[in-house]
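As a plain string of letters, each chain reads:
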Amino acid sequence: MIPVTKPFLPPKEEYHRYLDGIWERNWLTNNGPLVNELELKLKSHLDVNHLLFTNNGTIAIQIAIKALGLSGEIITTPFSYVATTSSIVWEGCTPVFVDIDPKTLNLDPTKIEEAISPQTSAILATHVYGVPCDVEAIEKIAKKHQLKVIYDGAHAFGVKIKGRSIFEYGDISTCSFHATKVFHTIEGGGVFTKDPELLKRMSYLRNFGHDGFLKFNGVGINGKNSEFHAAMGLVNMNYLADIIAARKLQFHHYLDLLKGLKVKFLDIVGIESYNYAYFPIIFENEGQLEKSMALLSDHEIGSRRYFFPGLNHLDYTSGDTPVSDSISSRVLCLPLYHGLSKEEQKMIARILLRVQNNL
Ligand SMILES: Cc1ncc(COP(=O)(O)O)c(C=O)c1O
């Protein structure tokens, strides 16, 4: 069986070493020393101003929306994971879907302005598969219309443009450190901002609104993460360079093996520092995708229609998004994870070429 993804697990002994300290201190959660250590190490590794470690990447988006005091409509992408939309809805706002750019697969800035209404409070865009949004165009529009910007950077750990972390763009960026991500803390996520005031607000929101034991600064949520999750992050950080280097090789190996396949690949040309988070292929039509997925499955090979259906086809329907509809009906993510072998990749490629050539 070749799964579509597999979490990276470091040597058990390295994790165990952190457990001794947790037992000695008897401090399991509530902003413990390992959470602080992880936040400091991530801040330096990613070269960002401020970040907070949260218990997942969904709560991170919800905290961002709450911290910015958003209401009314939020312009967003239909081509993302459901958490991008569910966070908007759970925070009592209305998602307004704008189509995507077929090249980057991200929110198309040229289509944003026509969707802005007097109720619009923000733009929430996803750096899909870790490919950066057109952050400059989005910033221009946001400034002109006085809108806030949140980036869902769940896939974008370690990505840089113009020498800066992608998390430094927008009012707030978020990330997911879920087990299947390039960098993980089992469950986990982060919020990132350049603004110290926003950071303060988010730190209250992450901890129920507590300002000490007896005082509250607004009403928050439980967005904290534990010492056990932080420990996994601290160990995994030591392997980040290896993980990304291995994924880079796998990504290029797929490109070589699949040269003859009539599909479109992710365009990562010009991204200064990329993380090789996913390997999606876009078929010419949905029929080809279905046949390929079925034959892969017959050979016990996982693949995933990520993202399908488009988020504007959930209960919160709005917007005319033909590009997103078309891409989401044709896109398939192939297995990509630490430890996937060249032989396994060859087998996957052979099967895909067999389907194309009707063999
Ligand atoms: C684009 C996107 N946003 C948000 C999330 C939510 O992250 P989490 O699973 O950590 O809550 C995910 C998770 O896969 C995602 O892919």
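It should be emphasised that the depicted structure is a prediction, and the values quoted were computed from it without experimental measurement.

J.: Tell me about the site of the ligand, and name the residues and values.
T.: As a matter of local geometry, the ligand sits amid 16 residues, with G57, T58, D152, S176 and K181 nearest to it. Taking D152, its side chain carries an N or O atom lying 2.6 Å from a nitrogen atom of the ligand. At 2.8 Å from an oxygen atom of the ligand is found a side-chain nitrogen or oxygen belonging to H155. For the ligand, whose free accessible area comes to 390 Å², the fraction covered by protein is 91%. Elements that contribute at least two residues to the shell around the ligand include exactly helix 3 (57-67) and helix 4 (82-90). For the shell around the ligand, a count of residues per class yields four nonpolar, ten polar and two charged.

J.: I'd love a proper account of the pairing of strand 9 (residues 189-193), names of residues and values included.
T.: A large share of strand 9 lies buried, amounting to five of its five residues. Side chains G189, V191 and T193 of strand 9 all project onto a buried face; the interleaved residues G190 and F192 project onto the opposite face, where all are buried too. As paired strands, strand 1 (residues 50-54) and strand 9 are joined by five bridges and run antiparallel to one another. Residue H50 lies in a different strand from strand 9, and its bridge partner there is T193. For strand 8 (residues 172-176) and strand 9, the ladder comprises four bridges, and the chain directions are antiparallel.

J.: Give a description of the domain arrangement of the chain that names residues and reports values.
T.: Along its sequence, the chain is carved into domain 1 (12-98 + 107-237) and domain 2 (240-356). In this structure, domain 1 and domain 2 have C-alpha centres spaced 26 Å apart. Counting the surface lost from both domain 1 and domain 2, the interface buries some 2600 Å², and carbon and sulfur atoms represent 67% of this. Joining domain 1 to domain 2, the criterion identifies zero salt bridges. Breaking the side of domain 1 that touches domain 2 down by element, the ones donating at least two residues are helix 4, strand 3 (94-97), strand 6 (160-161) and helix 7 (227-237). Split by residue class, the side of domain 1 that touches domain 2 holds 20 nonpolar, ten polar and four charged.

J.: Tell me about the packing of helix 8 (residues 240-257) against helix 11 (residues 342-356), and name the residues and values.
T.: Where helix 8 contacts helix 11, the axes come no closer than 10 Å and their chain directions differ by 35°. For the element pair helix 8 and helix 11, the recorded crossing hand is right-handed. Each of Q250, H253, Y254 and L257 in helix 8 lies in contact with helix 11, whose residues at this interface are K342, Q345, K346, I348, A349 and L353. Residue composition of the contact of helix 8 with helix 11, by class: five nonpolar, three polar and two charged.

J.: Any details on the sheet that holds strand 12 (residues 331-333)? Residues and values, ideally.
T.: By definition, the strands of a sheet pair up through backbone hydrogen bonds, in either a parallel or an antiparallel sense. The sheet built from three strands is open, its strands ordered 10-11-12 with antiparallel pairing. Two strands close off the open sheet at either side, each with one partner strand: strand 10 (264-265) and strand 12. Helix 10 (residues 322-330) rests against strand 11 (280-282) and strand 12 of the sheet, and its axis sits at about 45° to strand 12.

Reading the values: the criteria
Residues numbered from 1 in each chain as written. Predicted model: local features only at pLDDT ≥ 70, side-chain atom pairs only at ≥ 80, totals over all residues. Heavy atoms only, no water. Near = heavy atom within 4 Å. Polar contact = N/O pair within 3.5 Å; in protein donor to acceptor, adjacent residues only side chain to side chain. Areas by Shrake-Rupley, 256 points an atom, 1.4 Å probe, with all protein chains shown as cover. Helix = DSSP H or I, 4+ residues; strand = E, 2+ residues; numbered from the N terminus. Nonpolar A, V, L, I, M, F, W, Y, C, P; charged D, E, K, R; others polar. Buried < 20%, exposed > 50% of the residue type's maximum accessible area, 1.4 Å probe, protein only. Pairing = 2+ DSSP bridges. Domains from an automatic or database assignment. Buried area = accessible area lost by both parts, 1.4 Å probe. Salt bridge = Lys/Arg side-chain N within 4 Å of Asp/Glu carboxyl O. Axes fitted to C-alpha atoms, helices over the stretch in contact; angles between N-to-C directions. Left-handed = near helix turned anticlockwise from the far one by under 90°. Contact = heavy atoms within 4.5 Å.

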